[in-house]
Structures are given as structure tokens and as C-alpha cells.
Amino acid sequence: MKNKMRKINYTLCTMLLIIVMISMSIHGKAQSAYRLTLDEVVALAQSDAPEALLASTLWKKNYWTFRSFQADFKPQIVAVAAVFPDYNRSFESVIQDDGSEIYRQRAVMNNSIGLSLQQDFAPTGAQIKFQSDLNRKDQFESTGIPGSRSYLSNPIYLEINQPLFQFNGMKWRKKIEPVAYKESEKLYSEQMEQVARHASEFFFELLSSQLNAEAAKQDKANSDTLLVLSQGRFEVGKIAETDLLQVQLSAMQAETRLAEAQLNMQTNTEQLRDFLDLQGEVQFDLVPPNDLPAIIINQDEALNYAMQNRSEVVTFQKRLLEAQQEVERAKGETGVTANLYGNFGLSQTGQDVDVVYQDLIDQEVVRFGISAPIADWGKSKAKRSVALANLELEQKKIDQEKEAFRRVVVLRAQQFDLVRRNAEIAQRYMESAKKRYEITYQRYLIGKISITDLNLALTEQEASRLGYLQAVRDFWNAVFEMRALTLYDFVGGKTLMLQTPVNE
């Protein structure tokens, strides 16, 4: 009977062990653990976070827009423009020798083939076109109309259309589009640094909640120990009931703080997981960046990097160009305008292909048109004056915004040293408060001090811990703010102008 029971117990234990192993295996597959530093979280965010992918997609759009602009000013070759066949069989009005018209049935087929080259000339706004083509017409025999075949060749045909005294949009596109493209490059780097700042914020939110949960767990353990000790002292009459109630209250408060800290940690874990776009259940083990780099930021150096790398400087340039463009537009659209058109070509006709490329006959067209306002009751002058006023206003606004941007960079560089020194002071204060609490805790255990003194030491330790954590967070926030303002990594000593993500 004992052997049978032993066998049953062994079987139950084996089944229980298998169930536990399966449960652990399933849990391990469902949950991923990540031990990450601040730099690793930032790198992961800049490579895979939805914000980073959106910035990359936006830059690609701007890149191909610029490539399209560049193609607009390159020769446009229209590959063999051909029409064959173009057949028409219908009744048409035919003029007779005496000038009368009668309807007759005609059957005609036209075929053509050609090649053209078009080029926009931005400095003057001219449009130039070179073309070569060959046309064939077949007249099929019908009532009263004999059949025939003829060719028309235009081996050389040059056409120029030159606006005069008009707004040259091509010239201004050549000026503005490259600046806009340069702006988009810098904006991409700035957007990636914005991703880095968001990653840092989510990192410290979760790290703070993890450290708070760890501190709350330790506080709860200490409170439970003190509660057991105080109950024993109360039973032997060494402490008053009010002291015991104070310890009980502290134990319940510690339990509440632990539950709140764990809830905050779970919430912040989900926020970081969503920001990084990680799938499934995720557990983060974040490494506190307590080793603060000993860097000093020179305000002049920071300002130089900002003026070289930030998009604001290029944006100011683009805005000024756009205002100048509107002045030119107002002048070109309200005064005297003219247009010069001309073409030159060589052509020949015949009934055989070999004939139409011999003894070519030249043809020319020259046309000049001019338009001048006689009386517009001051509308043209007003339009030009508005454009000039807008240009002056934009220049003043740019000067003010540029100076404000300079002040922000210089101020943040000056404040950085203060933030770093505050972190060092907070660290020393935390170490002192921690040591004081440890001594106070041991003295309470041997009955040398009251629970009130212990609670004061605990409160001071917690305040110093939170103050140090906030100081470290402020330091790294300042680091990432300076990175975003200057697009320069003062810790790594390298520029943050990123390689643009385009695969052609």
C-alpha cells in the first residue's frame, strides 16, 4: 500500500513539474526581456520607432521632389513620337477649280515619326525646342480622285520662345528649390534628434518608476520588520500604543506606495513599448546613466554649430528669397511685357523618301509682341509697393527671429554647467541622507531613538533619492536639448547631421 501511494505521489509530482515547465516555457516565449542603456534606447528609437520612420518617409518625399525639379531643367528628349496609322475614310467638302464646293468621298492615311528635344533656359526664361520628323500622306483612289503618295520631311526645326520684361519663374525656382532641399536635409536630422529626446523622456519615465518600485519594495520590507519588532516591544511594555499605531500606519502606507509604484511602472513600460513599436509582452531592465560625462559646453562653440547645422538659418534664407521673388513677380506682371518668338527649319516634299532629304528649303518665322498698360489707376504701383513692404517686413522679422534663436542657444549653453553641478551636489546629498538613514535605522533597532526620528530620516532619504534622480534626468535632458539645438553630440564629439536615407 505504501509503495502504491509512493508511486502515485511520484506520478503527481512529475505531472506538476511538467505543467510548471510548460507554463514557464509559454511565459518565456510570450514575454521578451530587454536590458538597455539610455544610448541603446535612443539608437533603437531612431532606427525602428514610428516617429523615425515617418521622418524618413517625409525626407524621401522631399528628396524625390528635388530630383523632379532638377529633371525639369535638363533636356527633355521625347523618344520617337510616332503616329501610324491615322486613317480617315469619309465624305468631305472639296473645292473645285471654279471655286465651288462639292462633297466627295476621300480615303486618306497619315503616318508620322519624329524626335524632339526641349530645354528650358533659366537665366532668361526662354524655352528652346529642337525637332526632326518625317510625314507621309497616302491618298487612296476614290470616285473622281486619283491615288497618290507624298512625303514631307523636317530634318531640322529649331524654335525659341523668349519672354521679355516678364517675371522669370524658372530663375527663381533655380534659386529657391536648392535652398528648400538643404532645409529638408537639416529638418530630417532635427526630427531624428526630436525622436532621441522623446526616447530619453520615455526612458527616464520608466527608469524613475522602476527605481521607485524598488525603493517602495525595500521600504515595505523594512516596515514589515519594524512592525514585528514594535509588536514585540509593545507586548513587553517598552513602547506606547501610539508608537505601535504609528508603525502600523507606516507599514500600510508602504504597502500603498508599493502598489502605486508597480502600477506606474507597468504603465510606463507600455508607453515605452508602444513608442519603440515592440510587439508582444515586453519587460525592460533599464541601466541608470549615473556616470555623468565631464563635459563643458562653450557658448561660442555651441552657437557656431547651431548656425552651421540648424534648419532655421536656411529657412530664414528661403523666406527672404521668397519675399524677393514676390517683388520681382509684382514688377514683371504690372509693367511693360513683351515676347519674342522665332523658328527656323529646313524641309522638303516629294513622292519618294530619298527625294525629301535633298535640296532642302529653309523656312523662318519671327514674331514680336508687346503689351503696355495705359491706365490702371495706380493698381500696378500699389501691387509693387505691397511686395516691397512685405520684403522689408520679412527682413525685420527674420532679424528678430535670428537674434532670438541665438539667445536661446547661448542661454542653454550657459545653463548647462549649472545643471551638471546641481547633479553632482544632489548625488553627494543623497549619499549623506542614505548613510544617515542606515545609522538611524540601526539605532532604532536597538531602541536608542523613537519611531518619529526614524520616519524623519526615511523621509529625508526618499527626498534626496528623488532629488538626485531628477537632477540626473535634468542633466540628460540638457544634453539632448543641446544636441537638438546644435545638431552636435558634445559627449561623443561628432556631428549629428545624418546620412539621408534614400535607396535609388
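Criteria and thresholds
- Along each chain, residues carry numbers from 1 onward, in the same order as the chain's sequence is written.
- With the structure being a predicted model, the display of local features is reserved for residues of pLDDT at least 70 and the display and counting of side-chain atom pairs for 80 or more, all residues being used for whole-chain, interface and lining totals.
- Computation of side-chain values: all heavy atoms of the structure, hydrogens and water removed.
- Elements are defined by DSSP. Helices are runs of H or I of four residues or more, strands are runs of E of two residues or more, and each kind is numbered from the N terminus.
- Using C-alpha atoms as the atom set, the radius of gyration is obtained and then compared with a globule rule of 2.2 Å times the number of residues to the power 0.38.
- Remark: exposure states derive from per-residue accessible area (1.4 Å probe, protein chains only) relative to the maximum for the residue type, with buried under 20%, exposed over 50%, and partly exposed in between.
- Contacts are residue-level and defined by heavy atoms, with any inter-residue pair within 4.5 Å sufficient.
- Here, Shrake-Rupley sampling with a 1.4 Å probe gives the accessible areas, and only protein chains in the shown set may cover a residue.
- Charge counting treats Lys and Arg as positive and Asp and Glu as negative, with His and both chain ends excluded.
- Lysine's charge is taken at NZ, arginine's at CZ, aspartate's at CG and glutamate's at CD.
- For two strands to be treated as a pair, DSSP must find at least two bridges joining them.
- The salt bridge criterion pairs a side-chain nitrogen of Lys or Arg with a carboxyl oxygen of Asp or Glu, the two atoms within 4 Å.
- Here, nonpolar core means buried Ala, Val, Leu, Ile, Met, Phe, Trp, Tyr and Cys residues that are tied together by side-chain atoms lying within 4.5 Å of each other.
- Expected helix span is taken as 1.5 Å per residue step, with the number of steps being one fewer than the number of residues.
- Note that the bend at a residue is defined as the angle between axes fitted to the seven residues ending at it and the seven residues starting at it.
- Residue-level confidence of the predictor is what pLDDT reports, using numbers from 0 through 100.

**Q** So, the overall build of the chain: which residues are in play, and what are the values?
**A** Per the secondary structure count, the chain includes 9 helices and 10 strands. Scaling as 2.2 N^0.38, a compact globule of 504 residues should have a C-alpha radius of gyration of about 23 Å, whereas the chain reaches 42 Å, well beyond that. Structurally, the chain occupies a C-alpha span of about 140 × 80 × 40 Å along its principal axes. Considering the chain as a whole, with its 504 residues, one finds that 34% of them fall into the buried category. Partitioning the contacts of the chain with sequence separation of at least 6, the portion at a separation of at least 24 is 76%. When the accessible surface of the chain is totalled, it reaches about 30900 Å², and 55% of it is carbon and sulfur. Charge separation in the chain, taken as the distance between the mean sites of 58 positive and 65 negative side-chain charges, equals 5 Å.

**Q** Account for the pairing of strand β4 (residues 126-140), with residues named and values stated.
**A** For strand β3 (residues 101-121) and β4, the ladder comprises 15 bridges, and the chain directions are antiparallel. When the bridges of β4 are listed, Asp120 appears paired with Gln127. Taking the residues between adjacent antiparallel strands as the criterion, β3 and β4 are bridged by 4 residues, where Gly125 takes a positive phi near 80°. Across 12 bridges, β4 lies against strand β5 (residues 148-164) in antiparallel orientation. Across the sheet, residue Gln139 finds its bridge partner in β5, namely Ser148.

**Q** Hey, could you go over the pattern of salt bridges for me, with residue numbers and the actual values?
**A** With the rule as written, the count across this model stands at 21 salt bridges. Two residues, Asp274 and Arg273, come together in a salt bridge whose shortest N-O distance is 3.0 Å. For Asp274, a relative accessible area of 45% gives the class partly exposed.

**Q** Before we move on, can you summarise the nonpolar core with the specific residues and values?
**A** Grouped together as the largest cluster of nonpolar side chains are 57 residues, with contacts concentrated most on Phe284, Leu286, Phe416, Trp476, Met482 and Phe490. Listed by contribution, the elements that provide at least two residues to this core are α2 (38-48), α3 (50-72), α4 (169-235), α5 (241-276), β6 (281-286), α6 (299-309), α8 (379-445) and α9 (451-486). Here the element with the most residues in this core is α4; it accounts for 11 residues. In contact with Phe416, other than residues within four places in its own chain, are Ile295, Ile297, Phe475, Ala478, Val479 and Met482. With 13 residues, the next largest nonpolar core counts Leu227, Val247, Ala251 and Tyr444 among its residues.

**Q** Talk me through α8; I want residue IDs and the actual numbers.
**A** In an α-helix, one turn spans 3.6 residues, which is why side chains three or four residues apart end up on the same side. In this model, α8 (67 residues) spans 93 Å end to end at C-alpha, consistent with the 99 Å of a helix rising 1.5 Å per residue. When the local axis directions of α8 are compared, the greatest deviation, roughly 25°, occurs at Phe416. One or two steps after α8, the chain reaches Gly447, where phi turns positive at roughly 80°.

**Q** Talk me through the confidence of the model for the chain; I want residue IDs and the actual numbers.
**A** Confidence in the prediction of the chain, expressed as mean pLDDT, is 83, and 90% of residues score 70 or more. Of all the helices and strands in the chain, helix α1 (residues 2-30) carries the lowest mean pLDDT, 39, while α6 carries the highest, 93. Throughout residues 1-30 the model reports pLDDT below 50, and contacts reaching past four residues in sequence, or to other chains, amount to 2 contacts.

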